[in-house]
Amino acid sequence: NCSYFKHFTPGQSSEIFEVTTQKEYSISAAAIAIFSVGFAIIGTICVLLSFGKKREYLLKPASMFYTFAG
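Analysis parameters
- Residues numbered from 1 in each chain as written.
- Predicted model: local features only at pLDDT ≥ 70, side-chain atom pairs only at ≥ 80, totals over all residues.
- Heavy atoms only, no water.
- Helix = DSSP H or I, 4+ residues; strand = E, 2+ residues; numbered from the N terminus.
- Buried < 20%, exposed > 50% of the residue type's maximum accessible area, 1.4 Å probe, protein only.
- Contact = heavy atoms within 4.5 Å.
- Areas by Shrake-Rupley, 256 points an atom, 1.4 Å probe, with all protein chains shown as cover.
- UniProt positions renumbered as here; feature names shortened; annotations may be inferred.
- Patch = residues over 30% accessible without salt bridge, like charges linked within 9 Å, V, L, I, M, F, W, Y side chains within 5 Å.
- Salt bridge = Lys/Arg side-chain N within 4 Å of Asp/Glu carboxyl O.
- Phe/Tyr/Trp six-rings, centres within 6.5 Å; stacked < 30°, edge-to-face > 60°.

### So, the overall build of the chain
Summing up its helical and strand segments, the chain has two helices and two strands in all. Counting from the amino terminus, the chain carries its helices and strands in the arrangement β-β-α-α. Across the 70 residues of the chain, 10% fall into the buried class. A separation threshold of at least 6 residues defines the contact pool for the chain, and within that pool the share at least 24 residues apart is 14%. Counting only carbon and sulfur atoms, one obtains 67% of the accessible surface of the chain, whose full area is about 6,000 Å².

Quick look at the structure:
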């Protein structure tokens, strides 16, 4: 996925610049997004379990998981 374009300056020859995508950044961004969704799901599970049998102690881990997801 490389594209080339020419940059013209008045009175000088053209210069060719190469624009490339950096795959390392896109892979790490995808990994961070997957971990974020996982933390949000775990936080939702903790919240749902805390409503069941009066387990308020699960709300603190749920808030931590939501913070990590952010």
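### Some words on the UniProt feature "transmembrane region" (unreviewed entry) in the chain
Residues annotated by UniProt as "transmembrane region" (unreviewed entry) correspond here to residues 27-51. Here residues 27-51 runs as 100% helix and 0% strand, with 37 Å between its end C-alpha atoms.

### Focus on the side chain of Ser 50
The residue Ser 50 is located in helix α1 (residues 23-52) in this model. Aside from chain neighbours lying at most four places away, what touches Ser 50 is Arg 55, Leu 58 and Leu 59.

### What to know about a nonpolar patch on the surface
A cluster of nonpolar residues, Val 37, Ile 41, Ile 45 and Leu 49, forms a patch on the protein surface that exposes about 350 Å² of accessible area. Among the structural elements, Val 37 can be located in helix α1.

### Concerning the environment of Tyr 57
Topologically, Tyr 57 is positioned in the loop between α1 and α2 (59-69). The exposure class of Tyr 57 is exposed, given its relative accessible area of 59%. Remark: the alpha-carbon pair of Tyr 57 and Cys 46, spanning eleven residues in sequence, is separated by 9.5 Å.

### Focus on the packing of aromatic side chains
Taken as a whole and assessed by the stated rule, the structure comprises two aromatic pairs. With a centroid separation of 6.0 Å and an interplanar angle of 20°, the aromatic rings of Phe 39 and Phe 65 are classed as stacked. On the criterion of sequence distance, the pair formed by Phe 39 in helix α1 and Phe 65 in helix α2 is long-range, its members being 26 residues apart. For Phe 39, a relative accessible area of 28% translates into the label partly exposed. In this structure Phe 65 comes out as partly exposed when scored by relative accessible area, which is 21%. When the centroid spacing of 5.6 Å and the interplanar angle of 55° are considered together, the rings of Phe 39 and Phe 68 count as tilted. Here the residue Phe 39 occupies a position in helix α1, and Phe 68 occupies one in helix α2, the gap between them amounting to 29 residues. Residue classification places Phe 68 among the partly exposed positions, given a relative accessible area of 49%. Chaining the aromatic ring pairs together yields one cluster made of Phe 39, Phe 65 and Phe 68.

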